[in-house]
Every structure is written in structure tokens, then in C-alpha cells.
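Here are the chains, one letter per residue:
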Amino acid sequence: MSYKSEWQKIEEWMANKVKAAPGGGMEMSNQLQAHRQEAELDYQVFLEEASRSMIRFKKPEHLIKMIVKLIDEQVRTTHIAMLIYSEGKGYYHLIDSKGSEGCKIPVGFIKLTLNNALVRLFHERLNYKISDSGAIVHADIVNIAKKYEKKNVNDTAFDLLPQVAEQMKLLKGDVAVPVYYKRDLLGVFIFGEKLSKKKFSRQEISFFTTLANDVAMALSNTQLIQDLQDKIREVHVLYEREHRMFIHTAISLAAAIDARDQYTHGHTERVTQYALAIANEIEELPEAKEYPNFKETLHIAALLHDIGKIGVPDAILNKTSQLTREEYEKIKEHSVTGATILNPIRELGDIAMEVRAHHERYDGAGYPDGLKGDDIPFVARIIFVADTFDAITSDRPYRQRKIDEVAVQMIKDNSGTQFDSIIVSAFLLAHRKGRIKSRSG
Amino acid sequence: MIKIMIVDDETEICDFVQSFFKERNFDVVTANNGREALVLAEMQNPDIILLDLKMPVMDGMETLKELKKRCYQGKVVMVTAVEDMGKIDEARSYGVAEYITKPLVLGQLAKIVLKLAGEHSLSS
């Protein structure tokens with residue numbers, strides 16, 4: 001399925017991302033360097049683990065809960081929260097929060113609106129004016145805001161800072177990290193104080209931003225997949241509804257045809273039932289697989305196979321004595337008439353072909369085109385057998401019906417000449433299973 | 001020190017709001033339902049009550065009626081879900097000073113409560 005390959009793409013992308021994890025940049029003593037490399041290693045392991053886990057999640061909420069849990073285990077802070085934007089509600093809502101010391105913000109309790117200073121800062125990308133990584137540290141904000149106050153210049157980014165600091169204080173955030181995907185601010189990570197009371201290192205902050213990038217990617221992918229699944233379900237429901245309506249229309253049409261002919265009353269319904277029973281035995285054949293939707297084509301074609309009888313005069317249809325040659329020719333026209341009726345309907349193009357050919361014999365002696373063997377459409381060959389069985393087991397004005405066993409024998413006798421032998425085998429199988437039975441049995 | 005009582009059946013909310021107002025120099029008590037709140041209101045006489053509307057045992061509206069009956073003198077802030085906005089008018093008739101809807105904006109919660117606290121310290 002295409003989902004799988006999408007996930008594989010993300011996995012590869014993540015793997016590359018992990019390989020290119022944040023590097024050094026500051027002058028350090030050997031000891032510090034060693035310590036730092038060790039810490040870096042931990043984060044690398046963490047990132048690898050995180051990227052592996054991210055792929056398992058198909059619901060954004062689950063993904064976020066997993067990430068918050070992982071960060072909580074890796075970076076011990078008083079509190080971590082993740083807010084994401086809700087398209088429907090128009091604000092950022094809290095998806096998860098974890099806190100070791102009573103700092104946990106209850107899920108669903110708070111929101112950040114679009115005019116929130118922190119959201120505005122991130123949304124308008126003003127954060128990059130004060131931080132290379134885009135992450136915001138509360139202490140830095142307070143310092144920058146103080147310096148800026150003295151300078152007395154106009155700049156939205158700096159004007160916002162006191163409010164941003166206030167918002168971070170409200171959320172008990174030491175660090176806030178934006179989660180961007182393309183141009184959109186998908187969410188905000190909030191990190192509380194470290195339990196060790198130490199400041200966050202540049203290393204840790206760059207780890208957060210790398211993680212936020214990965215989260216954005218995974219998040220937008222889960223979102224994409226969810227949207228896609230919703231769409232597929234929607235289309236499916238629509239299709240089902242339309243299909244049901246279509247089948248019912250076909251059934252009504254068939255009933256209208258049947259109603260004109262007292263002798264063939266219920267004929268269409270029975271032929272459809274027999275044809276479906278035969279089809280059940282052979283739906284795995286390559287011939288059946290060639291149809292984009294074999295069962296449905298068969299079902300509709302069977303329902304509509306006699307629709308052309310609409311063009312046969314009542315006097316002929318209901319005649320109780322033997323038909324003259326001309327009258328019989330008139331009746332034979334019904335398969336062509338049926339195809340002519342159905343042909344203009346684009347969705348029924350294939351059905352028209354089947355209806356036209358439902359009196360073609362396997363040996364080429366049928367009508368209207370004298371098609372032979374495999375040139376006769378497969379569905380038409382099935383309907384022909386089903387149609388014949390019903391004709392033999394039903395009363396006609398000019399003869400009495402025969403019992404099923406006689407009809408079965410007649411069909412068997414004509415296997416390979418009148419009928420395709422594969423279809424006859426399937427017919428016999430279905431009959432033996434009790435799935436083909438006339439009213440009189 | 002201003003005393004605030006938080007009434008909510010969700011312990012997590014009580015804990016969070018408690019620490020939120022403690023940091024802002026309030027004296028905080030919490031209750032998990034209306035009945036508890038009534039007992040505590042009598043014993044502790046809080047200046048402000050933050051009252052959740054939807055609670056088991058005794059809901060916010062019942063609690064409010066009881067408080068009025070008992071001539072409670074402090075201020076009540078009603079906390080409701082957006083879908084319960086329709087009950088605000090009824091709550092006002094029982095003397096609710098302010099209301100706030102969940103999910104709430106933290107800054108707004110602080111502002112409302114600080115405003116009421118200011119009014120309180122002015123009047124006393």
C-alpha cells in the first residue's frame with residue numbers, strides 16, 4: 001500500500017536527520033569536550049530511538065504523547081508541555097503535559113489564542129531576530145527586553161518581549177520551541193526548569209529544535225495520512241450510496257420489464273440469483289480478474305439483460321401459441337435493443353456489451369453477432385447459462401416447465417457447444433451445493 | 001493575604017491552579033465537589049471562589065444557590081465549558097461576579113482573579 005512507502009520515506013529522512021545531528025561550535029577544554037561528546041551521544045541515541053518510534057504512530061496525539069514522554073525521560077525538567085494548533089477551533093490547545101513537581105498543566109484546561117504574544121512572536125518569525133535557533137529562553141528574553149528598553153527604538157519583535165516573558169512565566173516555561181512545518185506554526189513546546197536548576201545548554205536547546213523539526217515532519221505526515229483516510233472513507237460512503245441507488249434503479253427497471261410478461265414473472269430476479277451463484281465458483285479465474293469489478297458487472301448486467309424486451313410488442317411477448325419465424329426474429333432483437341438503450345450511459349458501456357452478447361453460443365451459432373468461444377464476453381457467457389436454466393424450468397405459453405434435473409442434464413449435454421464448458425462446470429458445482437434451485441425444484 | 005478556593009472535580013486542575021495562585025502570593029484551598037466546597041467555605045471563608053460548573057455529588061449551580069442562601073460575602077468566578085455558556089445568565093442571577101470558559105487563557109484567569117482581589121482589598 002502507498003502508506004507504507006510514505007512511512008519508509010519518513011524513516012529514511014529521519015535516519016539522515018539523525019546522522020546530521022547537532023555539532024559543536026564552542027571552544028572547550030578537553031575534559032568538557034569529552035563530557036559534551038558523551039552527552040551528545042546520548043542525544044543521538046535518543047534521536048534515533050525517537051525517529052524510530054515516530055514512525056509507528058498514525059494519530060498526531062499519540063505521537064505527541066510519546067515524544068513528551070521520551071523528552072521527560074531524557075531531559076529532567078519540572079515540566080514539559082506541547083500545544084498544537086487546532087484548525088477547527090482556531091487556537092493552540094494543550095495536547096500533553098508532564099511535570100515532576102505538581103507543575104503538570106491539565107490537558108484541555110488552557111489554550112493559547114492567535115493574539116498570544118508567544119504565538120505571535122513565533123508565527124511572525126520574530127524569534128529569529130533574537131535567537132539563531134528560533135528557540136526562546138526566558139532569561140534571555142528578560143535580559144534583551146531590559147537592554148532594548150534603554151535604546152528607545154521601534155521594533156515589533158522587541159516590543160513583544162515583555163509580554164512574551166510574561167506568557168512564558170504563566171506557562172512555567174524556561175524554554176519555548178516552535179514547531180514549524182513549511183510556513184506554518186504547527187505547535188509550541190514548553191520546557192520548564194531543569195530539576196538540577198542548571199541552565200539549559202546550547203547543546204540541549206539545539207537538540208530541542210532538531211527534535212521539533214522532526215516532530216513537525218512526523219506530525220504533518222500523520223495529519224496528511226489522517227486526512228487521506230478520512231477522504232477515502234468519505235468517497236467510499238458516497239460510492240456506496242450511489243451504488244445502492246444505482247442497483248435499486250436497475251432492479252426497478254428489471255421489475256418493469258418483468259411486469260409486462262406474465263409468463264416470465266420474476267425471471268430477472270432468478271437469473272440474477274443463478275448468475276451470481278455461478279460467478280461465486282469462478283471469480284478466481286483470470287477471465288473474471290480481467291474485469292475491474294467482476295461481481296458488480298455481472299450483477300448489473302444480469303439485472304438488465306432483458307431490458308431490450310421493452311421494444312418487443314405485448315402481442316408477441318404474451319402470445320400463447322407457437323411464435324412465427326418473424327415474431328421470433330422480433331424477440332431476438334431484444335439483446336441489440338438492450339445494448340442500444342444502455343450504450344449512451346458511459347458508466348454502463350461494458351454492461352451494454354454483455355447484454356448484447358447474452359444469447360451468443362460458444363460454438364458461434366448464437367445471435368446477434370455470431371461471436372464464438374472466448375470472443376464472447378465472460379459475463380455474457382454466465383448470464384446465458386443462468387437464463388437458459390430459468391427458461392427450461394419455467395412455464396411457457398407453449399410448453400410446461402421441466403424439473404431441475406432435466407434442465408441440468410440439458411445444460412450438461414450442450415456444454416462446449418451451446419455453452420462454455422468452464423461455465424457449465426461452475427453451474428454444476430453451484431447446483432450441487434444447492435445454490436441453484438428453481439421454484440419447483 | 002487573599003484567600004482563594006478552587007473547586008474542581010479534576011485533581012490535576014486543582015493542583016495546577018493551586019500552584020499557579022500560590023506563586024502569585026495567594027492563600028489557596030481546594031475542594032473536589034460542591035459539598036466539600038460548602039464546608040470549607042464556612043470554615044475558611046475564602047475571599048474568592050473559583051467554581052467549576054460540571055461536577056459530581058453537587059454541581060456548580062447547586063453550590064452557588066447554597067452559597068447565596070448562606071449569605072456568602074466573597075466573589076465567585078464560574079468556570080464552564082464553552083457548551084455550557086447558556087447557563088451563565090442563571091449563574092449571574094445567583095451572584096456570580098465573573099465567568100471564564102475552558103480551555104482558558106492563563107493570562108485572563110490571572111487578570112480576572114487579580115482584579116477581584118484588588119476590589120476586595122480596597123473594600124476591606
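Anyway, here's the lowdown on the structure attached to this text. Predicted, not measured: the structure shown is a model, and the values here were computed from it. (Residues numbered from 1 in each chain as written. Chains lettered and ligands numbered in written order. Predicted model: local features only at pLDDT ≥ 70, side-chain atom pairs only at ≥ 80, totals over all residues.)

**Focus: the overall build of chain A**
Within chain A one finds 17 helices and six strands. Within chain A, the proportion of its 441 residues that are buried is 36%. Across chain A, the fraction of contacts at a sequence separation of at least 24, relative to all contacts at a separation of at least 6, is 63%. (Helix = DSSP H or I, 4+ residues; strand = E, 2+ residues; numbered from the N terminus. Buried ≥ 20, exposed ≤ 12 C-beta atoms within 10 Å, placed from the backbone. Contact = placed C-beta atoms within 7 Å.)

**Points about the overall build of chain B**
Looking only at helices and strands, chain B features five helices and five strands. In chain B, the order of α-helices and β-strands from amino to carboxyl end is β-α-β-α-β-α-β-α-β-α. Expressed as a percentage of the 124 residues in chain B, the buried residues total 38%. Contacts in chain B between residues at least 24 apart in sequence constitute 59% of all its contacts with a sequence separation of at least 6.

**Concerning the interface of chain B and chain A**
In this assembly, 13 residues from chain B lie in contact with 14 residues from chain A. For the side of chain B that touches chain A, the elements supplying multiple residues, two or more each, are α1 (11–23) and α5 (106–123) of chain B. When residues of the side of chain B that touches chain A are assigned to their parent elements, the largest contribution, five residues, is made by α1 of chain B.

**A short note on the nonpolar core**
Within the largest apolar cluster, 85 residues are counted, with the highest numbers of intra-cluster contacts made by Ala176, Phe189 and Phe208 of chain A together with Ile4 of chain B. What isoleucine 4 of chain B contacts, discounting residues up to four positions off in sequence, is Phe21, Phe26, Val28, Pro46, Asp47, Ile48, Leu50 and Val113 of chain B. Ranked by size, the runner-up nonpolar core spans 45 residues in total, among them Leu298, Tyr362, Ala407 and Ile436 of chain A. (Core = buried A, V, L, I, M, F, W, Y, C linked by C-beta atoms within 7 Å.)

**Re the sheet that holds strand β2 (residues 27–31) of chain B**
Residues and elements named next belong to chain B. The strand order across the open sheet formed by five strands is β2-β1-β3-β4-β5, and the pairing between neighbours is parallel. Both edges of this open sheet fall to β2 and β5 (98–102), since each of them pairs with a single strand only. Each neighbouring strand pair of the sheet contributes to a mean axis angle of 20°, computed without reference to strand direction. As paired elements, strand β1 (residues 3–7) and β2 share five bridges and run parallel to each other. If you follow isoleucine 6 over to β2, its bridge partner there is threonine 30. Sitting on the sheet, α1 touches β1, β2 and β3 (48–52), and the angle it makes with β2 is about 170°. Relative to β3, helix α3 (residues 60–69) is tilted by about 150°, and along the sheet it contacts β3 and β4 (75–81). (Pairing = 2+ DSSP bridges. Axes fitted to C-alpha atoms, helices over the stretch in contact; angles between N-to-C directions.)

**Some details on the sheet that holds strand β4 (residues 136–137) of chain A**
Adjacent strands of a sheet pair through backbone hydrogen bonds, lying either parallel or antiparallel. All names here are of chain A. One open sheet accounts for six strands, arranged β3-β2-β1-β6-β5-β4; its pairing is antiparallel. The sheet is open, and its two borders are formed by β3 (111–112) and β4, each paired with just one other strand. The sheet contact formed by strand β5 (residues 175–181) and strand β6 (residues 184–191) spans seven bridges and is antiparallel. Bridge pairing in β6 places valine 175 opposite phenylalanine 191. Across the face of the sheet, helix α7 (residues 202–260) comes into contact with β5 and β6 while running at roughly 35° to β5.

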